[in-house]
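This is what each chain is made of:
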Amino acid sequence: MSDLTSDAHGHEHPKHELSDHAKRIYAIRDLLIEKGVITEKDIQCQIDYQEARSPANGAKLVARAWVDPAFKARFIADPKAACAELGIDATALNEFVVLENTEKVRHMVVCTLCSCYPRPILGRPPDWYKSFNYRQRAVVDPRGVMREFGFDPPDNVEVRVHDSTADIRYLVLPLRPKGTQGWSEDDLAKLVTRDSMIGVMNALSSLPE
Amino acid sequence: MTAAVDKFKPGDRVKIKFEDRPGHIRTPWYIRGKTGWVERVYGEFLNPESLAFGHDGLPKKTLYLIAFNQSDVWGESATKQDKVLVDIYEHWLEPVA
């Protein structure tokens, strides 16, 4: 369907009016540029920087941790230094903590107050992460949320939900899927989904199509 | 870490203060008045309740990772072995005997 609708009087109008919030943002942007506080180039650079950060960073870290136990130990002891080893810039994070999943313990991350998220490692959070629905139910019924993502934690597993309310950003280190011995680091990284690093699901067990 | 001056250490039982005041409060409602234990001491950070209003965030506040049994927060319907863990600044904690 076209984004534009044809009116009877011969020309097209945008189908959606800008929201009040969007209008305000554009007005502030124009004022900041007009008054010389920032330039259009600054804005474009910042957009490029935001877009360049993606879950691929996290996947690279996790895959390395799976194949290299010494790196895994460093990743858990000093996550920011481990990021620097792989050329990932985590300096924007105040504090960065890695939560290691085991057969007996599964971690899940939420920010019930807003949308705190390890952006340098995972990029921008998905919309559902910021939704009231997830933010409420993640703490009240984490097992129910995990089931909706396709993982039903067995009774002998302890689920630990981290509410990142303050200066700490959390990343879940998911379990390495069974049957992946001998896989290359690049292929392993393809199993590490964004959602597995938020902790709502396991890493994939086979390469995505 | 600032173990010498921190009021609490890992394993200490603590209660979250039940306070209601305006401001940039980083202590979620559902955890106020609940009892848990110190899981980890994260060290000192500028106080967000001050920073949010353009102040200097000083004095710094020690930040703790506090663990709660899900059943202590939500009642017996919660799965017994599950936990919820929340980052809480020291001035929101009181000792539990």
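Residues numbered from 1 in each chain as written. Chains lettered and ligands numbered in written order. Predicted model: local features only at pLDDT ≥ 70, side-chain atom pairs only at ≥ 80, totals over all residues.

Student: What's the story with the sheet that holds strand β4 (residues 105-110) of chain A in this structure? I'm lost.
Tutor: The strand order β4(A)-β5(A)-β4(B)-β3(B)-β2(B)-β1(B)-β5(B) describes an open sheet built from 7 strands, whose pairing is mixed. The strands lining the two open edges of the sheet, one partner per strand, are β4 of chain A together with β5 (93-95) of chain B. If you compare each strand with its neighbour and ignore which way they point, the axes differ by 35° on average. Here strand β2 (residues 35-45) of chain B pairs with strand β3 (residues 61-69) of chain B via 7 bridges, running antiparallel. Following the sheet pairing, B:Gly43 is matched in β3(B) by B:Leu63. Relative to the sheet, helix α8 (residues 132-140) of chain A contacts β4 and β5 (158-163) of chain A together with β4 (83-89) of chain B, its axis offset from that of β4(A) by approximately 150°. (Pairing = 2+ DSSP bridges. Helix = DSSP H or I, 4+ residues; strand = E, 2+ residues; numbered from the N terminus. Axes fitted to C-alpha atoms, helices over the stretch in contact; angles between N-to-C directions. Contact = placed C-beta atoms within 7 Å.)

Student: Explain the confidence of the model for chain B here, please?
Tutor: Close inspection of predicted coordinates is inappropriate in any region flagged by low pLDDT. Residue and element names in this part refer to chain B. In this model, chain B carries a mean pLDDT of 92, and residues with pLDDT of at least 70 account for 95%. Averaged over each element, pLDDT in chain B is lowest for helix α1 (residues 48-51) (92) and highest for strand β1 (residues 13-16) (98). Interface confidence in the predicted complex, given as ipTM, is 0.93; pTM for the same model is 0.88. (pLDDT = per-residue confidence, 0-100.)

Student: Would you explain the environment of B:Val73 in this entry?
Tutor: Residues and elements named next belong to chain B. Looking at where Val 73 falls in the secondary structure, it is placed in helix α2 (residues 70-74). Along the primary structure Val 73 and Lys 34 are separated by 39 residues, whereas in three dimensions their C-alpha atoms are 6.5 Å apart. Non-local contacts of Val 73, meaning those with residues more than four positions away in its chain, are made with Tyr 30, Ile 31, Lys 34, Phe 68 and Val 84.

Student: What is the right way to look at unusual backbone geometry in this model?
Tutor: Peptide bonds are trans in most cases, and residues, glycine excluded, mostly fall at negative phi. Note the cis peptide between B:Leu58 and B:Pro59, where omega equals -5°. Take B:Pro59: it is sitting in the loop between α1 and β3.

Student: Can you help me understand the interface of chain A and chain B in this one?
Tutor: How big an interface is tends to be expressed through the accessible area that disappears when the partners come together. Between chain A and chain B, the residue contacts involve 18 residues of the former and 17 residues of the latter. Contributions of two or more residues to the side of chain A that touches chain B are made by α8, α9 (142-148) and β5 of chain A. For the side of chain A that touches chain B, the element with the highest residue contribution is β5(A), accounting for 6 residues. Tallied by class, residues from the side of chain A that touches chain B come to 8 nonpolar, 4 polar and 6 charged. Where β5(A) lies against β4(B), 4 bridges are found, and the strand directions are parallel. Of the residues in β4(B), the one forming a bridge with A:Arg160 is B:Lys83. (Nonpolar A, V, L, I, M, F, W, Y, C, P; charged D, E, K, R; others polar.)

Student: Quick question: what am I supposed to make of the pairing of β2(B) here?
Tutor: Side chains on a regular strand alternate between the two faces of the sheet. As paired elements, β1(B) and β2(B) share 3 bridges and run antiparallel to each other. Bridge pairing in β2(B) links B:Lys15 to B:Thr35.

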